[in-house]
Amino acid sequence: IGTDLYAITDKAGYFEFAEVPSGEYDIRITKNNYLTRLIENVSIEANIELSTSSDPILMWAGDIEINGSQDGAINLEDIIEICKGFNSVIGNPLYQEHLDINLDGALNMEDIMIVAKHFNKISLDY
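Residues numbered from 1 in each chain as written. Predicted model: local features only at pLDDT ≥ 70, side-chain atom pairs only at ≥ 80, totals over all residues. Heavy atoms only, no water.

Undergrad: Any details on the overall build of the protein chain? Residues and values, ideally.
TA: On a plain count of helices and strands, the protein chain comes out with 2 helices and 4 strands. The secondary structure elements of the protein chain, listed N-terminal to C-terminal, are β-β-α-β-β-α. Its C-alpha atoms give the protein chain principal-axis dimensions of roughly 50 × 30 × 25 Å. Looking at the protein chain alone, contacts between residues at least 24 apart form 42% of all its contacts between residues at least 6 apart. Per element, the accessible surface of the protein chain, about 8800 Å² overall, is 52% carbon and sulfur. A distance of 5 Å separates the average location of the 7 positive side-chain charges in the protein chain from that of its 22 negative side-chain charges. (Helix = DSSP H or I, 4+ residues; strand = E, 2+ residues; numbered from the N terminus. Contact = heavy atoms within 4.5 Å. Areas by Shrake-Rupley, 256 points an atom, 1.4 Å probe, with all protein chains shown as cover. Lys, Arg positive; Asp, Glu negative; His and termini not counted. Charge placed at Lys NZ, Arg CZ, Asp CG, Glu CD.)

Here it is as structure tokens:
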């Protein structure tokens, strides 16, 4: 609330904010093709951990970026976007790496099922 602090994660998703003034904050976590996660009213008085390996902050895949934006929901539009390249693999002109949710080199039913797992969800559903 009232700050523009931001961090970019490493490959493992680790990020850190240093020297944050005491207070109450809303934390917004975004990633392309994932549903935005908002953690509201985080009270900072000393060093805290919001996410650990034993208790991670989960993000749901499936809010696909279409024409440069995400609509804030996991819905049929997202599944249709994957279906446009369905059964394509790396090297095929229909294959789009950013739609390969499980990064197995193919746009297939596994990617659709990952998205469908949280079908019809919005950020408030976390």
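Now, onward.
Undergrad: Outline the side chain of Arg37, supporting the account with residue identities and numerical values.
TA: Along the chain, the position of Arg37 falls in strand S2 (residues 37-44). Here Arg37 sits buried without a salt bridge, and the closest side chain of opposite charge, Asp55, lies 8.5 Å off (N-O distance). (Buried < 20%, exposed > 50% of the residue type's maximum accessible area, 1.4 Å probe, protein only. Salt bridge = Lys/Arg side-chain N within 4 Å of Asp/Glu carboxyl O.)

Undergrad: With reference to specific residues and values, describe the side chain of Asp100.
TA: Mapped onto the elements, Asp100 comes out in the loop between strand S3 (88-89) and strand S4 (106-107). Engagement of the side chain of Asp100 in a polar contact is seen with the side chain of Tyr95, the distance being 2.7 Å. Among all residues touching Asp100, those that are not within four sequence positions of it are Tyr95, Gly105, Ala106, Leu107 and Asp111. (Polar contact = N/O pair within 3.5 Å; in protein donor to acceptor, adjacent residues only side chain to side chain.)

Undergrad: Quick one: what's the story with the nonpolar core, residue by residue and with numbers?
TA: Core analysis: the largest hydrophobic core is formed by 14 residues, its most contacted members being Ile64, Ile74, Ile82, Leu99, Ile101 and Val115. Contributing elements (two or more residues each) for this core: helix H1 (76-83) and helix H2 (109-116). Setting aside residues up to four positions removed in sequence, Ile64 forms contacts with Asn33, Ser69, Gln70, Asp78, Glu81, Ile82, Leu99 and Ile101. Formed by 6 residues, the second largest nonpolar core is a distinct cluster that contains Tyr25, Ile29, Ile39 and Val42. (Core = buried A, V, L, I, M, F, W, Y, C linked by side-chain atoms within 4.5 Å.)

Undergrad: Please set out unusual backbone geometry residue by residue, giving values where relevant.
TA: If a residue is not glycine, its phi is most likely negative; likewise, a peptide bond is most likely trans. One non-glycine residue with positive phi stands out, namely Asn87, at about 70 degrees. Relative to the helices and strands, Asn87 resides in the loop between H1 and S3. If you check the backbone angles, Asn120 has positive phi at about 70 degrees while not being a glycine. Since its relative accessible area comes to 58%, Asn120 is described here as exposed.

Undergrad: Any details on the pattern of salt bridges? Residues and values, ideally.
TA: All told, the structure shown has 1 salt bridge when counted by the stated rule. A salt bridge links Lys84 to Glu81; the shortest N-O distance between them is 3.1 Å. Its relative accessible area of 54% is what places Lys84 among the exposed residues.

Undergrad: Run through the environment of Leu38, naming residues and quoting values.
TA: Following the sequence through the fold, Leu38 ends up in strand S2. The spacing of Leu38 and Gly72 is 34 residues in sequence and 12 Å in space, taken between C-alpha atoms.

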